[in-house]
Amino acid sequence: MEEEDRIRRLPESLIHHILSLLPTKCAVATTILSRGWNNLWISLPVLDFREWKSPNTQETLSSTNSFMDFMDRVLLLRNMSDIKKFCLTCNGKYFDDQRIKAWITTVIQCRVEELIVSRDAKGRVDIIPVDLYTCESLTLLHIDLYGCKHLNLPQLISFPRLKILQLSEISVFRKPNVQQLFSGCPWMPDIHSMYAEPSVPFDVIPNFVKKLCDVKHLKLSGNISESLELAGVLSISFPTFINLITLEVSFIKTQQVKSLFSFLRFSPNLESLVFGRVCYGDEVNEDAFTLDVVPHCLLMNLKSIKFQYFEGQLKELDLVQLFLQNARVLQTVIIEISSDHFVSSDKKKHSAKDVEDLNMKIMEQLLKYKWASTDCVIKLSSSPV
């Protein structure tokens, strides 16, 4: 008995939903399943071209031109239908920046809601159309321009629906109209990353950070909290980050711990704290791991802390212990042991017992002092290499 073709009988709305969950490259490949699907993917609300070529495929002028021609056709055939999400990665020397700019202009006209663009910007590039900064449909904007240190911002900036803004590898601190970048939103977007170049003056960073006081999620480098401390702005006049619930510190030097806790005093409702890496050194002041004033968030709200790329050094453990001794409602401390800890060993291969011994050594050190929270649980994770 001939089997029923269930795929062909699926509602078009359901097919759209299924294909929207796939990278566009995979969605295109589904055209072989049914003749009726030949052009269905073109009208999908999600277009993801972050993996337009296979890994390890050699970049050539011909392959890049073919992709650019393909992109031109895709956007033309959509006939200006709405786009919910558009993702594009254009890394390589053969891309035409003006064509990239035209694609972004088109998706803006298609009322795009989420826009993610990545470009290897070696040298000066101009792929961001001015229309982007007044896009009324955007809810998420993520721009990566690797190698481009400055983003040209127009005088008029308005994002009435924007909720999440992520600028990677881009400096906007020196721009006089950076205030418009944030004031153009109905509320402060969540900022996921912010780094400072060494040459940025101290007074620029504090003024920039003050404009972010309504964010819910913030990622900082340790240098910025130190710059705030040195600039003398972490005082009673500094604004309170009343909505901040998650703080991620990409890296922090042990000599910057004091300035970090000064910043935490202005984050009373912080619930989650993540450390990407703790950089330890020989020159650490004796009072670096003592607190004159315990931040309010440690007394009332901080529930979880994660330490990534942990090597088990004494200064790292001192920082963990500082939180354990002062965070009264802490529930979970996650410590992810870095494989770098084992690399320096003479052993070529490390057993599960080696990992277990390291975990026990860390716990013995942390149990030497009384913890402020009786409900706190420490979770250690590591892998033999």
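Rules used in this analysis
Residues numbered from 1 in each chain as written. Predicted model: local features only at pLDDT ≥ 70, side-chain atom pairs only at ≥ 80, totals over all residues. Heavy atoms only, no water. Helix = DSSP H or I, 4+ residues; strand = E, 2+ residues; numbered from the N terminus. Buried < 20%, exposed > 50% of the residue type's maximum accessible area, 1.4 Å probe, protein only. Contact = heavy atoms within 4.5 Å. Areas by Shrake-Rupley, 256 points an atom, 1.4 Å probe, with all protein chains shown as cover. Core = buried A, V, L, I, M, F, W, Y, C linked by side-chain atoms within 4.5 Å. Phe/Tyr/Trp six-rings, centres within 6.5 Å; stacked < 30°, edge-to-face > 60°. Axes fitted to C-alpha atoms, helices over the stretch in contact; angles between N-to-C directions. Parallel < 35°, antiparallel > 145°, perpendicular 65-115°, else oblique. Left-handed = near helix turned anticlockwise from the far one by under 90°. Nonpolar A, V, L, I, M, F, W, Y, C, P; charged D, E, K, R; others polar. Polar contact = N/O pair within 3.5 Å; in protein donor to acceptor, adjacent residues only side chain to side chain.

- The chain has the name FBD domain-containing protein in an unreviewed UniProt entry, where Papaver somniferum is given as its organism.

A word on the overall build of the chain
- From N to C terminus, the chain includes 13 helices and 14 strands.
- Put simply, the chain has 385 residues, and 46% of those count as buried.
- Within the chain, counting contacts between residues at least 6 apart in sequence, those at least 24 apart form 77% of the total.
- Put simply, the chain shows about 20400 Å² of open surface, and 51% of that area lies on carbon and sulfur atoms.

Regarding the nonpolar core
- In this structure, L247, F275, F307 and F323 are the most contacted members of the largest nonpolar core, which totals 46 residues.
- Those residues in contact with F307 that lie beyond four places of it in its chain are F275, V278, L319, V320, F323, V333, I334, I335 and E336.
- Grouped together as the second largest cluster of nonpolar side chains are 45 residues, F95, V112, L153 and L167 included.

What to know about the packing of aromatic side chains
- Considering all chains together, one arrives at 10 aromatic pairs under this definition.
- Summarising the aromatic geometry, the rings of F67 and F95 are spaced 6.1 Å apart at their centres and angled 80° between planes, so their arrangement reads as edge-to-face. Of this pair, F67 sits in helix α4 (residues 61-77) while F95 sits in the loop between β2 (85-90) and α5 (97-109), and the two are 28 residues apart along the sequence.
- Each residue in the set F49, F67, F70, F86, F95 and W103 is aromatic and connected to the rest through ring pairs, giving one cluster.

Side note on helix α9 (residues 257-264)
- Where burial is concerned, most of α9 is hidden: seven out of the eight residues are buried.
- Inspection of α9 places V257, S259, L260, F261, S262, F263 and L264 among the buried residues, and these make up the whole buried set.

Quick notes on the packing of α4 against α5
- At a minimum axis distance of 11 Å, the contact between α4 and α5 shows a crossing angle of 20°. Judged by the inter-axis angle, α4 sits roughly parallel to α5. Between α4 and α5 lies a crossing whose hand is left-handed. Along the contact surface, α4 presents M68, D69, M71, D72 and L75, while α5 presents R99, W103, T106 and V107.
- Partitioned by chemical class, the residues of the contact of α4 with α5 number five nonpolar, one polar and three charged.

Here's the deal with the environment of N269
- Structurally, the position occupied by N269 is in the loop between α9 and β10 (272-275).
- Taking C-alpha positions, N269 is 9.9 Å from K216, a pair spaced 53 residues apart along the chain.
- Each residue touching N269, except ones within four places of it in the same chain, is listed here: I242, L244, I245 and N301.
- Engagement of the side chain of N269 in a polar contact is seen with the backbone oxygen of I242, the distance being 2.8 Å.

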